[in-house]
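# Structural overview for review
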Amino acid sequence: MLRKFFFEEDGMGVVEVILIMVVLIAMVAIFREQIKDLVDNIWKSINKSAKKIYS
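Residues numbered from 1 in each chain as written. Predicted model: local features only at pLDDT ≥ 70, side-chain atom pairs only at ≥ 80, totals over all residues. Heavy atoms only, no water.

### Quick notes on the overall build of the protein chain
Heads up, the condition is: In this text, helices come from DSSP runs of H or I with a minimum length of four residues, and strands from runs of E with a minimum of two, each type numbered from the N-terminal end. Exposure categories follow from relative accessible area, calculated using a 1.4 Å probe and restricted to protein chains: below 20% of the type maximum is buried, above 50% is exposed, and the middle band is partly exposed. All accessible areas in this document rest on Shrake-Rupley with a 1.4 Å probe, and a residue is counted as covered only by the protein chains that are shown. Counted as positive: Lys and Arg. Counted as negative: Asp and Glu. His and the chain ends are not counted at all. One atom stands in for each charge, and that atom is NZ of Lys, CZ of Arg, CG of Asp or CD of Glu.
Within the protein chain, the regular secondary structure consists of three helices and zero strands. Starting at the N terminus and ending at the C terminus, the protein chain contains elements arranged as α-α-α. Expressed as lengths along the three principal axes of its C-alpha atoms, the size of the protein chain is roughly 75 × 25 × 5 Å. In the protein chain, buried positions account for 0% of the 55 residues. Of the roughly 5,800 Å² of accessible surface on the protein chain, 70% is carried by carbon and sulfur atoms. If you average the places of the 8 positive and of the 7 negative side-chain charges in the protein chain, the two averages end up 15 Å apart.

As structure tokens, this is what we get:
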């Protein structure tokens, strides 16, 4: 029974998901300014195109 406990891998999916989330959050924290600039540029482009369509 003890051997079965040590080789059980049911919790591995949870650990993997948590590690992926930690890496993604770290990347967002590191590249926060670049992501903000990119989103701002995309919104400006969308607004400019929308103004051309409605004007």
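### Structural notes on the confidence of the model for the protein chain
The criterion, for reference: The predictor attaches a confidence to each residue, called pLDDT, with possible values from 0 through 100.
Across the protein chain, pLDDT averages 87, with 91% of residues at or above 70. Confidence, read as mean pLDDT per element, is least for helix α1 (residues 2–7) in the protein chain (75) and greatest for helix α3 (residues 32–54) (93).

### A short note on the environment of F6
Note that F6 resides in helix α1. Residue F6 is classed as exposed on the basis of its relative accessible area of 60%. When the C-alpha atoms of F6 and W43 are compared, they prove to be 52 Å apart, with 37 residues separating the residues in sequence.

### Structural notes on the environment of E8
Examined against the element boundaries, E8 turns out to sit in the loop between α1 and α2 (12–30). On a C-alpha basis, the gap between E8 and S45 in space is 52 Å, while along the polypeptide they are 37 residues apart.

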